[in-house]
Amino acid sequence: TQLLESPQQSHELTHEFPIFTPHGTWKWIKIRANPTLLNNGDIQWDGFMENISTRKDLEASLREREAEYWALLQSLPDLICIYDSQGYYVQLYANHFPGHNLLPPHLYNDPNINQHILPGRQTPGIHITDFLPPAIATQYEQGIQKTLSTGQIQFIEHQFPVGDKIQYEEVR
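The following refers to the structure shown. The structure displayed is predicted, hence computed values, not measured ones. (Residues numbered from 1 in each chain as written. Predicted model: local features only at pLDDT ≥ 70, side-chain atom pairs only at ≥ 80, totals over all residues. Heavy atoms only, no water.)

## With respect to a nonpolar patch on the surface
What counts here: Residues enter a patch when their relative accessible area is above 30% and they make no salt bridge; the linking distance is 9 Å between like charges and 5 Å between nonpolar side chains (Val, Leu, Ile, Met, Phe, Trp, Tyr). For the area figures, the Shrake-Rupley method with a 1.4 Å probe applies, and any residue is considered shielded solely by the protein chains shown. Salt bridges are defined as contacts in which a side-chain nitrogen from Lys or Arg sits within 4 Å of a carboxyl oxygen from Asp or Glu. Helix and strand labels come from DSSP, where a helix needs a run of H or I of at least four residues and a strand needs a run of E of at least two; each type is numbered from the N terminus.
A contiguous nonpolar patch, built from Leu37, Ile43 and Trp45 and spanning about 280 Å² of accessible area, is present on the exposed surface. Tracing the backbone shows leucine 37 in strand β2 (residues 26-37).

Spelled out as structure tokens, the structure:
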């Protein structure tokens, strides 16, 4: 269709397609040409044809790699919290986290906190001590300071009750 319409509309024809070679292999070809209507009514095509098999192979590899990366991202933790050096939350990112049971029971009905603690939202002014039991908040604070002073990632694992469930966390 593009081949037939291009001369009348005087626009460039660009098309990519695979071909099967006499050597028994597949190649991808790209053509780009411009039509010129000659005085006698014939159409003259000026353009070029190139082998784009390498590009097509790279595109396929990138799609496969992207699928692998998405699979990896889907296996990341349910919730990622970013906080500053003082222990104030900056942002929450949710992967599979549905958003419920995030807050300890004493904060469920506190509108000043609950309105800010939603995955994907900024969380200005909310400190880890607003969220966590004192012993765990102290572990976080110590981990933050040790990370900043040594440059080494710290690992904290703990569990605590949230609502009627036990929340298990691994913090880095």
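## A word on the environment of glycine 143
Here is the rule we go by: Contact definition: two residues touch when any of their heavy atoms are within 4.5 Å.
By the secondary structure assignment, glycine 143 is in helix α5 (residues 134-150). With 13 residues separating them in the primary sequence, glycine 143 and isoleucine 156 have C-alpha atoms 7.6 Å apart. Look past the residues within four positions of glycine 143 in its chain and what remains in contact with it is Gln154 and Ile156.

## Re the sheet that holds β2
Note on sheets: strands pair through backbone hydrogen bonds, and any given pair is parallel or antiparallel. Which entries qualify depends on this criterion: Strand pairing is assigned whenever DSSP identifies at least 2 bridges connecting the two strands. To get an axis, a line is fitted to the C-alpha atoms, and for a helix only the part in contact is used. The angle between two axes follows their N-to-C directions and goes from 0 to 180 degrees.
Taken in spatial order, the three strands of this open sheet run β1-β2-β3, and their pairing is antiparallel. Taken across any chain shown, the strands that pair with only one partner, and hence form the sheet edges, are β1 (13-20) and β3 (43-51). Taken pair by pair, the neighbouring strands of this sheet meet at an average axis angle of 30 degrees, ignoring direction. Sheet analysis places β2 next to β3, joined by nine bridges and oriented antiparallel. Residue pairing in the sheet places proline 35 in a bridge with tryptophan 45 of β3.

## Some points on the packing of aromatic side chains
Rules: Put simply, two rings from Phe, Tyr or Trp (the six-membered ring, in Trp's case) pair if the centres are within 6.5 Å, and we call them stacked under 30 degrees between planes, edge-to-face over 60, tilted for the rest. When the NZ atom of lysine or the CZ atom of arginine is within 6 Å of a ring's centre and also within 35 degrees of its normal, the charge is said to sit over that ring.
Overall, the coordinates contain two aromatic pairs when judged by the stated rule. The side chain of lysine 56 reaches across the aromatic face of tryptophan 28, ending 4.5 Å from its centre.

## Some words on the pattern of salt bridges
Selection rule: Type-normalised accessible area, obtained with a 1.4 Å probe on protein chains alone, sets the label of each residue: buried when under 20%, exposed when over 50%, and partly exposed for intermediate values.
As enumerated under the stated definition, the model contains seven salt bridges in all. One salt bridge connects lysine 56 with glutamate 16, and the closest N-O pair in it is separated by 3.0 Å. Pair noted here: lysine 56 is in helix α2 (residues 53-74) and glutamate 16 is in strand β1, with a separation of 40 residues, a long-range link. The exposure class assigned to lysine 56 is buried, which follows from its relative accessible area of 17%. By relative accessible area, which is 28% here, glutamate 16 ends up partly exposed.

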